[in-house]
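Commentary on secondary and tertiary structure
As a plain string of letters, each chain reads:
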There are 2 protein chains.
Amino acid sequence: MKENLMIRPIAHIQTDFKEKFGIPRQSGRASSLTGRIVFMPDYRNPDALREITGFSHLWLLFDFSKAHREDWSPTVRPPRLGGNRRVGVFASRSPFRPNPIGLSSVRLLGVEKTQNEGDVLLVSGIDLLDNTPIYDIKPYLPFSDCHPEATAGYAEDMQDFSLEVEFPEELLRRLPIEKQSAAIECLAEDPRPAYHDEPSRIYSMAYAGFDIRFTVENQKATVVEVIRL
Amino acid sequence: MKENLMIRPIAHIQTDFKEKFGIPRQSGRASSLTGRIVFMPDYRNPDALREITGFSHLWLLFDFSKAHREDWSPTVRPPRLGGNRRVGVFASRSPFRPNPIGLSSVRLLGVEKTQNEGDVLLVSGIDLLDNTPIYDIKPYLPFSDCHPEATAGYAEDMQDFSLEVEFPEELLRRLPIEKQSAAIECLAEDPRPAYHDEPSRIYSMAYAGFDIRFTVENQKATVVEVIRL
């Protein structure tokens, strides 16, 4: 059918998450979490970024690459609702949707000039798996994109959600200093799957080349081990 | 290449603009301008909209259907900059981009239950041509989508742009009452192409089945005729 559209990646984002576990469930939740957007050779043209640094935030349209399915389900179960309440797929940001395209707003930190990868965009507040294909980058326009008065239905409560995080100093120091804040922010988002409430269980978050092991009890995450992978 | 993605419309939006001239250049600029989102038969399932009415705003990912090109240009000339200053395509919301997908935030007015079209979404603040294919609908999440502090570089000045509109009462009354506010809002956005500054020229905006004719002089649009098409 002529209205179908073939789209192709213009770039990929490099992030500290090679696995899904631990990635914040929305952009901006872990404001220190950074990524590098590397353009595909065909789109590696500095002119395409002219005046982009005037914008503090960007939209990324990206591929929910781990969520491609032949079929689609009209309802999904958001993890933050405990995983047992179903809402409509178009009333959710779930990756499992008819066209698996995600939307994230990120902060633009700067443009890195490189020899081998051309101009690379440095961004923060990401919620993306390493090597996620990016289909489009658009500037964030506060006068049409920002609606502080917007209501968010069942998702209202997500705004204030966070775990307390206890990350013992001697374990935290095993991470490079520039990776520490984001690790704490990601743990505060509670990476556990829906339903889980097992205080004795040790979870494992693969982040920035480290295995961060932690337990969760009474809305508090406690890091018990940090191992270089 | 396996990372290419074929996407297909889940819906189409019905609007009062059958031609491009007069459509606001961003969503939300004409807050009274409404549209009806009619789902394709395969996606016409009320379950897919469950709990959507809890959200005041939605994102639409849509097809820039009049802007498909074989090739892409790294720079574009935003009309609001006078049409002679080039910025990077990824620093712009231009429809002419490698993957011609647009992003608009709209207000959700409600869900209309119909016999022939299933559940139809009624939205306002649109900036879309009649019958635009919609690829995705996502709820607007203020806690991750709203960045009031965002800076918008060269686009900062667009926020306050508007023409004064003189729409004589006897001409305005020719429009159905529910179409009047949006007509004024669209004229205030200055539908003229970039460069144009011809006070004697009469422009013609096809809107809601009417031809609205107007002139522009000294930042003021004056409607001179309204004709039913």
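Residues numbered from 1 in each chain as written. Chains lettered and ligands numbered in written order. Predicted model: local features only at pLDDT ≥ 70, side-chain atom pairs only at ≥ 80, totals over all residues. Heavy atoms only, no water.

1. Concerning the state of the cysteines
A full pass over the atoms with the stated rule returns 1 disulfide over all chains. A sulfur-sulfur distance of 2.3 Å marks the disulfide that ties Cys146 of chain A to Cys146 of chain B. Handedness here is read from the sign of the S-S torsion; for Cys146 of chain A and Cys146 of chain B, about 50 degrees, the answer is right-handed. Residue Cys146 of chain A is located in the loop between helix H1 (142–145) and strand S10 (164–166), and its partner Cys146 of chain B is located in the loop between helix H1 (142–145) and strand S10 (164–166); the two belong to separate chains. Accessibility assignment for this pair places Cys146 of chain A and Cys146 of chain B in one class, buried. (Disulfide = S-S within 2.5 Å. Helix = DSSP H or I, 4+ residues; strand = E, 2+ residues; numbered from the N terminus. Buried < 20%, exposed > 50% of the residue type's maximum accessible area, 1.4 Å probe, protein only.)

2. Let's talk about the interface of chain B and chain A
Contacts between the two partners involve 78 residues from chain B and, on the opposite side, 78 residues from chain A. Summing both sides of the interface, chain B and chain A together bury roughly 7200 Å²; the carbon and sulfur share of this comes to 61%. On the chain B side of the interface with chain A, the three residues burying the most area are Leu5, Phe90 and Phe143 of chain B, jointly 12% of the side's total. In this assembly, chain B and chain A are joined by 8 salt bridges. Inspection of the chain B/chain A interface yields 44 residue pairs in polar contact (both at pLDDT 80 or more). (Contact = heavy atoms within 4.5 Å. Buried area = accessible area lost by both parts, 1.4 Å probe. Salt bridge = Lys/Arg side-chain N within 4 Å of Asp/Glu carboxyl O. Polar contact = N/O pair within 3.5 Å; in protein donor to acceptor, adjacent residues only side chain to side chain.)

3. Comments concerning the sheet that holds strand S13 (residues 220–228) of chain B
Residues and elements named next belong to chain B. Here 4 strands make up an open sheet; going across it, the order is S10-S13-S12-S11 and the pairing mixed. The outermost strands of the open sheet, each flanked by one partner alone, are S10 and strand S11 (203–207). Along the sheet, successive strands turn relative to each other by an average axial angle of 30 degrees, direction set aside. In the sheet, S10 pairs with S13 via 3 bridges, with the strands oriented parallel. In the strand pairing of S13, Glu164 is matched with Lys220. Packed on one face of the sheet, helix H3 (residues 177–188) meets S10, S11, strand S12 (210–217) and S13 and runs near 140 degrees to S11. (Pairing = 2+ DSSP bridges. Axes fitted to C-alpha atoms, helices over the stretch in contact; angles between N-to-C directions.)

4. Things to note about the sheet that holds strand S3 (residues 34–39) of chain B
Adjacent strands of a sheet form backbone hydrogen bonds with each other and so pair up, either parallel or antiparallel. Pairing is antiparallel in the closed barrel, where 6 strands are placed in the order S2-S3-S8-S7-S4-S9 (chain B). Sheet twist, expressed as the mean angle between neighbouring strand axes with direction ignored, is 45 degrees.

5. Digging into the pairing of strand S4 (residues 57–63) of chain A
All names here are of chain A. The element S4 is largely enclosed, with a buried count of 7 among its 7 residues. Because side chains alternate across S4, one face comprises the buried residues His57, Trp59, Leu61 and Asp63, and the other comprises Leu58, Leu60 and Phe62, equally buried. Pairing between S4 and strand S7 (residues 101–113): 7 bridges, direction antiparallel. Opposite Phe62, over in S7, you have Gly102 as the bridge partner. As defined by bridge partners, S4 adjoins strand S9 (residues 132–139) across 5 bridges and the pair is classed as antiparallel.

6. Here's the deal with the environment of Thr53 of chain A
All names here are of chain A. Counting through the fold element by element, Thr53 comes out in the loop between strand S3 (34–39) and S4. Owing to a relative accessible area of 58%, Thr53 belongs among the exposed residues under this scheme. When the C-alpha atoms of Thr53 and Gly110 are compared, they prove to be 6.7 Å apart, with 57 residues separating the residues in sequence. Apart from the residues within four sequence positions on either side, Thr53 is in contact with Leu108 and Val111.

7. Side note on helix H3 (residues 177–188) of chain A
It helps to recall that an α-helix has 3.6 residues per turn; residues three or four apart then point in one direction. Residues and elements named next belong to chain A. Of the residues making up H3, those classed as buried are Lys179, Gln180, Ala182, Ala183, Glu185, Cys186, Leu187 and Ala188. Buried-residue contacts for H3 involve S10, helix H2 (169–172), strand S11 (203–207), strand S12 (210–217) and strand S13 (220–228). Count one or two residues on from H3 and you reach Asp190, which has phi positive near 65 degrees.

8. Section: the nonpolar core
Judged by nonpolar contacts, the single largest core of 61 residues is most densely connected at Ile137, Phe167 and Ile212 of chain B. Excluding residues that lie within four positions of it along the chain, Phe167 of chain B makes contacts with Leu172, Leu175, Ala183, Ile184, Leu187, Ile212, Val223 and Val226 of chain B. (Core = buried A, V, L, I, M, F, W, Y, C linked by side-chain atoms within 4.5 Å.)

9. Observations concerning the environment of Leu33 of chain A
The topology assignment puts Leu33 of chain A in the loop between strand S2 (11–14) and S3. Residues Leu33 of chain A and Ala188 of chain A, 155 residues apart in the sequence, show an inter-C-alpha distance of 13 Å.

10. Description of the packing of aromatic side chains
Scanning the entire structure with this criterion turns up 21 aromatic pairs over all chains. Pairing Trp59 of chain A with Tyr140 of chain A gives two aromatic rings, centres 5.3 Å apart and planes at 35 degrees, and the pair type is tilted. Residue Trp59 of chain A is found in strand S4, and its partner Tyr140 of chain A is found in the loop between S9 and H1; the two are separated by 81 residues along the sequence. The residues Trp59 of chain A and Tyr140 of chain A share a single accessibility class, namely buried. Through a chain of ring-to-ring contacts, the aromatic side chains of Phe39 and Tyr43 of chain A together with Trp72 and Phe90 of chain B assemble into a single cluster. (Phe/Tyr/Trp six-rings, centres within 6.5 Å; stacked < 30°, edge-to-face > 60°.)

11. Concerning the pairing of strand S2 (residues 11–14) of chain B
In regular strands, side chains alternate between the two faces of the sheet. Residues and elements named next belong to chain B. Of the pairings in the sheet, the one linking S2 to S3 comprises 4 bridges and is antiparallel in character. What sits directly across from Ala11, in S3, is Phe39. As paired elements, S2 and strand S9 (residues 132–139) share 3 bridges and run antiparallel to each other. Within S9, the position partnered with Ala11 by the bridge is Ile134.

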